[in-house]
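Residue-level listing of the chains:
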Amino acid sequence: MTDPAASTADAAAVSPAPSWLDTPGHREWLRARFADVLTFALPSILPGGGFAYQDADGSPMPGRPPQLFLTARMAYASSIGVRHGIPGSGELLDHAMESLVGLHADTEYGGWFTEPGTVTRKATYDHVHVGLASANALMVGHPLAAGLLEQVIEVIDTRLWDESTQTLLESFAPDWTDCEDYRGANANMHGLEAFLAMGTATGDAVWHRRGLAIADRLINVAAREQDWLLPEHFTADWQVLPDYNIDEPNHPFRPYGATFGHSLEWARFLLQLDESPLVESPSWLVEAADGLTRRALDGGWEVDGRPGLVYTVDWEGDAVADVRLHWPVCEGIQAAAYLLRRTGDQHWEGWYRRLWDHAARYFIDENGAWRNELDENMHQGTQVWPGRPDVYHCTGALTTPLAV
């Protein structure tokens, strides 16, 4: 495949072009698109708490009640909006935080309801998102953040954290019994993300140490052993389940195979750990971030002959679920931005530009919102995540380059 940086190689030989990361026009474009995203999200506020799952026109999609992880992600995104001074972000943040301490809160057993009004398991994936939300809200001074973060810490310490393996457990019955006989990379990855924010917000190094332990097991060991194709599914004693959900390639949270979008997400978190003043950074963090990103982008782009990244691949790197989702592109943008800043390698400048060109052509719609999914014709799809329900990943893509 042609190196994406090659198109600028001749010009660079004469006079190196400034990185898009440093180009005022690009940075202004990012800020404007971020404001579009939050403006589109404002009508999703539901009077009873939580947020509507929005369709392409911004209207609520029927049969989609509020979800804990989406409420928490809105708190995260709107916290960043508050930091950037985006009008409307304060209203979104207030509503999200009030929903987390109200609608979603389980006052009987502790923790939070995944889907208020229904009996569902308490998932670590959802609960660590509340940690991400409260930590980011704390950093912008929200009055409900400190109390919410204290609750998160108690739940993690007493329910979710497994000291013997230095990882997170997966899920429980509503009363915290019946620990699931499964361990997942996805929940632990978002646990690392939450721990990064919680350590930064509180100054407590325990969170970054725990995050490093998670990353060591899943990336420095499991992903390295698979040539940077990350196994996602494990037994309770952390043995790989390579054929898990082989009959559910489009599962929204636990699909079969390797997920390039997660590889790119992990790469960003590894580089954030590398920058942490709270832990001593091992040398493998940057190496692994580079390896994961190259395997995903250099090895996975157009793997089925069409532009972009497929949802999942098998252990040979061949496409399994060939739908295109917006979030792997968003994570690729962030990983490329971090690697460019960390290494100065123009390979990542090329990928950064290519990913934004791809996003602008296929994913960003006329309202500035992001199509969640594309079908085989590169048009809006509906198999995994229809509509426009989630502003989390595009918030990262639009704001991380402003901060690295």
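Here, every reference points to the structure presented above.
Here's what I pulled together on the structure shown here. Treat the numbers as computed from the prediction; the structure is a model and nothing was measured. (Residues numbered from 1 in each chain as written. Predicted model: local features only at pLDDT ≥ 70, side-chain atom pairs only at ≥ 80, totals over all residues. Heavy atoms only, no water.)

What follows deals with the overall build of the protein. A tally of regular secondary structure across the protein gives 13 helices and 10 strands. The C-alpha radius of gyration of the protein comes to 20 Å, within 12% of the 22 Å expected for a compact globule of 404 residues. Counting only C-alpha atoms, the protein reaches 65 × 45 × 45 Å along its principal axes. When burial is assessed residue by residue, the protein has 58% of its 404 residues classed as buried. Contacts in the protein between residues at least 24 apart in sequence constitute 66% of all its contacts with a sequence separation of at least 6. Each charge sign in the protein was given a centre, from 27 positive and 57 negative side chains, and these centres are 4 Å apart. (Helix = DSSP H or I, 4+ residues; strand = E, 2+ residues; numbered from the N terminus. Rg over C-alpha atoms; globule rule 2.2 N^0.38 Å. Buried < 20%, exposed > 50% of the residue type's maximum accessible area, 1.4 Å probe, protein only. Contact = heavy atoms within 4.5 Å. Lys, Arg positive; Asp, Glu negative; His and termini not counted. Charge placed at Lys NZ, Arg CZ, Asp CG, Glu CD.)

Bringing the side chain of T395 into the picture now. Relative to the elements of secondary structure, T395 occurs in helix α13 (residues 392-403). If we ignore the near neighbours within four places in the chain, the residues touching T395 are F34, Y76, A77, I80 and T400.

A few words on helix α9 (residues 260-275). Taking 1.5 Å per residue as the helical rise, α9 with its 16 residues ought to reach 22 Å, and the 23 Å between its terminal C-alpha atoms agrees with that figure. Of all 16 residues in α9, 14 are buried; the element is thus mostly enclosed. (Expected span 1.5 Å × (residues − 1).)

As a further point, take the nonpolar core. Judged by nonpolar contacts, the single largest core of 110 residues is most densely connected at I219, W266, W356 and W370. Take this core: its biggest share by element is nine residues, from helix α11 (residues 326-343). The residues touching W266, leaving out its near neighbours within four places in the chain, are A185, N188, M189, L192, I214, A215, L218, I219, L230 and L292. In this structure, Y53, Y125, V384 and W385 belong to the second largest nonpolar core, which totals 13 residues. (Core = buried A, V, L, I, M, F, W, Y, C linked by side-chain atoms within 4.5 Å.)

How two aromatic rings sit relative to each other is set out by the distance from centre to centre and by the angle between their planes. In total, this model carries 15 aromatic pairs according to the counting rule given. Note on Y182 and Y244: the rings are 5.0 Å apart at their centroids and 35 degrees apart in plane angle, and the pair reads as tilted. In this pair, Y182 sits in the loop between β4 (171-172) and β5 (183-184) while Y244 sits in the loop between β6 (233-234) and α9, placing the two residues 62 residues apart along the sequence. According to the relative accessible area criterion, Y182 is buried, its value standing at 4%. (Phe/Tyr/Trp six-rings, centres within 6.5 Å; stacked < 30°, edge-to-face > 60°.)

Let's shift gears to the pattern of salt bridges. Applying the stated criterion to the full structure yields 21 salt bridges. Residue R324 pairs with D304 through a salt bridge whose shortest N-O separation is 2.7 Å. Here R324, found in strand β9 (residues 324-325), pairs with D304, found in the loop between α10 (284-300) and β7 (312-313); they are 20 residues apart in sequence, far enough to count as distant. R324 gets classed as buried once you look at its relative accessible area, which sits at 1%. Looking at D304, the relative accessible area reads 28%, which means it is partly exposed. Between D322 and R306 there is a salt bridge, and its shortest N-O distance comes to 3.8 Å. (Salt bridge = Lys/Arg side-chain N within 4 Å of Asp/Glu carboxyl O.)

Turning our attention to the environment of A336. Locating A336 in the fold gives a position in helix α11. The class of A336 is buried, set by a relative accessible area of 0%. Along the chain, A336 and L325 lie 11 residues apart, while their C-alpha atoms are 18 Å from each other. Ignoring sequence-local partners within four residues, the contact set of A336 consists of W348, W351 and Y352.

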